[in-house]
Amino acid sequence: METRLFIDGRYESASGDARFTDLEPATEATLAEVASADTRDVDRAVAAARRAADHGPWPRMSAEARGKILGRLADEIEKHARELGTLEARDVGKPISECVNHDIARGARNIRFFAALAETWTQEASFGAAKFLGADLRLANLTARAPLGVGAIIIPWNSPLMLGTWNLGPCLAAGNTCVLKPSELAPLTSIALGESANAAGLPPGVLNILPGLGAAGAALVGHPGVDGVAFTGGVATGRRVMAAAAESLKRVTLELGGKSPNLVFADADLKRSAAGVARSIFRSQGQSCVAGSRLLVERKIADDFIALVIAEIGQLRIGDPLDDKTDYGPLISAAHRERVDGFVSEARAAGAEVLGGMRGALPARGFYYPPIVLDRVRPESRAVCEEIFGPVLTVERFDHEDEAIALANAGRYGLAAYVWTMNGERALRVADRIRTGMVWVNSFFLRDLRTPFGGARQSGLGRQGGRHSLEFWTEAKLICMTYPEDNANG
Ligand code: NDP
């Protein structure tokens, strides 16, 4: 297992040989001692990325040539899917079936998708007319899309390989070079990407990987050699990233947290909706930015519906993330488990009812926390208003559509919403009025990579996906050519 920094195509120790300890959530044991980048390493990695951007072949290659190499990178990820999935499951605590079948598969697909999109992305041209120095001229305006240069990609711990490739796919496909900074809590599959990059033939310096603490991320954002920052993480950190990037007017995209509501109407297919709601919150133990952590349910069906959700919890197989049959693992850390429990204890003390109903007991070792439904919780409580990022579903009841929409729009987040109804007109009306970046109707988080992904309000800034990502990672450049209106030579 590689645990060092990856700079300019080589694995290296951190300056001063600094290391941090990476724990395995399911066992609480040390999984790895990982090299911890400091500002000197950030300087080295950015310098390597800068050299590759300014003097290397990568930005000057055809999109097709880059696509071939990126295709091989995707092949490498697929070839090692089981190993990478196992590493991700051990590092994050997510069930291996989810890691292999979803996250790692999506990792390869992210790379392939953006490489293909860059190949088929055509630029604009427009013709016009103007008078210049007494002559009537025709204008040919060409809009070129130049790579930005060096990208900094900072990701959280919950889905490292999927989120890393979601950003470095378009960054690299558009001809940029980059420095990837994974979270200290789960850096291992990101580090492993260096090996895949070399096997794929990615030129040195195009992809650099810096495991390290938050300070390394901050140094990267503030670095004068970085041209654009793609940040995925919490709102508070996102705010710091944006402020730091403002100093040098860097372009920033922010994929932040959420508190996404599930709106369940009495006319929904209740059994299917309950399964969907349970999946939206308990998948990845609720550690997902798009987790459907609030249940807004029509009062007349509320009790029956909650019973259906509890029955879904009863189906979850909790246990060792490395077991293919497990669908619910531990949380990322002891500190996070304590934080999640803090929300639950506070709500309980304020009169909330804690409902659960898992099959079997929690494993004795590991940062496990049970899936919980918090009923009778006050709408102004922290459990309802703040992102818990854990397996906790809060319940609020409504009597009519307007009230449901008002509840959904309360608070500062605006990432996603899920509407469960069999009435198509209602689905459209509600989706139209909800202030989130994404709305799914009668489904949870089905992805078409061409569509815009991102949050409204404090859930983010900018959009990723399809051409939105390629636009972020390129600078639109006008090249204006002129020619005379008349053919002077007859
Ligand atoms: P954090 O915001 O704590 O950290 C995210 C990344 O930023 C980590 O790599 C972290 O390093 C780094 N970092 C910390 N401080 C700074 C800084 N000042 N400047 C630059 N980088 C810094 O988030 P978590 O890792 O705890 O992840 C959970 C959050 O991520 C949740 O809010 C979740 O909703 C959000 N998220 C959003 C997604 C989206 O697409 N909208 C997708 C997935 C998660 P280190 O960990 O080493 O401190």
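One can find the structure itself at the top, above this paragraph.
As the structure is a prediction and not an experimental result, all values here were calculated from the model.

Description of the pairing of strand β10 (residues 228-232)
So, step 1. Summarising burial for β10: five of the five residues are buried, a large majority.
So, step 2. Judged by which residues are buried, β10 turns out to be covered on both faces: G228, A230 and T232 on one side and V229 and F231 on the other are all buried.
So, step 3. Read from β10 through helix α8 (residues 235-247) to strand β11 (residues 251-255), the crossover connection turns out right-handed.

Regarding the sheet that holds strand β15 (residues 372-375)
So, step 1. With mixed pairing, seven strands are arranged side by side in an open sheet as β14-β15-β16-β13-β12-β17-β18. In this open sheet, the two strands that pair with only one neighbour each are β14 (353-355) and β18 (438-441). Across the sheet, the mean angle separating the axes of adjacent strands is 25° when strand polarity is ignored.
So, step 2. Direction of pairing for strand β12 (residues 261-264) relative to strand β13 (residues 294-298): parallel, over a ladder of four bridges. Counterpart to P261 in the pairing with β13 is R294.
So, step 3. Along the sheet, helix α11 (residues 334-349) contacts β14, β15 and β16 (392-398); its crossing angle with β15, the most-contacted strand, is approximately 30°.

Concerning the packing of helix α3 (residues 81-92) against helix α6 (residues 188-200)
So, step 1. Where α3 contacts α6, the two axes come as close as 9 Å, and the packing angle between them is 155°. In terms of orientation, α3 lies roughly antiparallel with respect to α6. Judged by residue contacts, L84, L87, E88 and D91 of α3 engage L188, T189 and A192 from α6.

Let's talk about the pairing of strand β3 (residues 19-23)
So, step 1. Residues F20 and D22 of β3 are buried on one face, while the alternating residues R19, T21 and L23, pointing to the opposite face, are not.
So, step 2. Sheet topology note: the β3/strand β4 (residues 30-35) ladder contains five bridges and is antiparallel. Paired with D22 across the strands is A32, a residue of β4.

Regarding the site of the ligand
So, step 1. I155, K181, T237, L256 and E387 are the nearest of the 30 residues found near the ligand.
So, step 2. Contact distances for the ligand include 3.3 Å between a nitrogen atom and a backbone N or O atom of A218.
So, step 3. For the ligand, an oxygen atom lies 2.6 Å from a polar atom in the side chain of T237.
So, step 4. Protein chains bury 87% of the 900 Å² of accessible surface belonging to the ligand in isolation.
So, step 5. More than half of the atoms of the ligand fall within 2 Å of the grid points belonging to the largest pocket.

Cut-offs used in this document
The numbers attached to residues start from 1 for each chain and follow its sequence in the written order. With the structure being a predicted model, the display of local features is reserved for residues of pLDDT at least 70 and the display and counting of side-chain atom pairs for 80 or more, all residues being used for whole-chain, interface and lining totals. Computation of side-chain values covers all heavy atoms of the structure but excludes hydrogens and water. Each residue is assigned to one of three classes by its accessible area relative to the maximum for its type, calculated with a 1.4 Å probe on protein chains only: buried under 20%, partly exposed between the two thresholds, exposed over 50%. Secondary structure counts use DSSP, requiring at least four H or I residues in a row for a helix and at least two E residues in a row for a strand, with both numbered from the N terminus. By the criterion used throughout, a crossover qualifies as right-handed when its path from the first strand across the helix to the second strand runs clockwise, the strands pointing away from the viewer. DSSP calls a pair of strands paired once it identifies at least 2 bridges connecting them. With axes taken as lines fitted to C-alpha atoms, and helix axes fitted only over the stretch in contact, angles between N-to-C directions fall between 0 and 180 degrees. We call two residues in contact when some of their heavy atoms are within 4.5 Å. With respect to orientation, any angle under 35 degrees is reported as roughly parallel, any angle over 145 as roughly antiparallel, any angle of 65 to 115 as roughly perpendicular, and every other angle as oblique. Here a residue counts as near a molecule or strand whenever at least one of its heavy atoms sits within 4 Å of it. Two N or O atoms count as a polar contact when they lie within 3.5 Å, although within protein this holds only if one can serve as hydrogen donor and the other as acceptor, and sequence-adjacent residues are included solely when both atoms are side-chain atoms. In these tables, accessible area is a Shrake-Rupley quantity obtained with a 1.4 Å probe, and a residue counts as shielded only by the protein chains included in the view. Here a cavity denotes a set of grid points, spaced 1 Å apart and computed over the protein atoms alone, in which a 1.4 Å probe fits but from which it cannot get out, and a pocket denotes an open set meeting protein on both sides within 12 Å along at least five of seven lines; residues with an atom within 4 Å of a point are reported as lining. Think of it this way: a molecule belongs to a cavity or pocket when more than half its atoms come within 2 Å of the grid points there.

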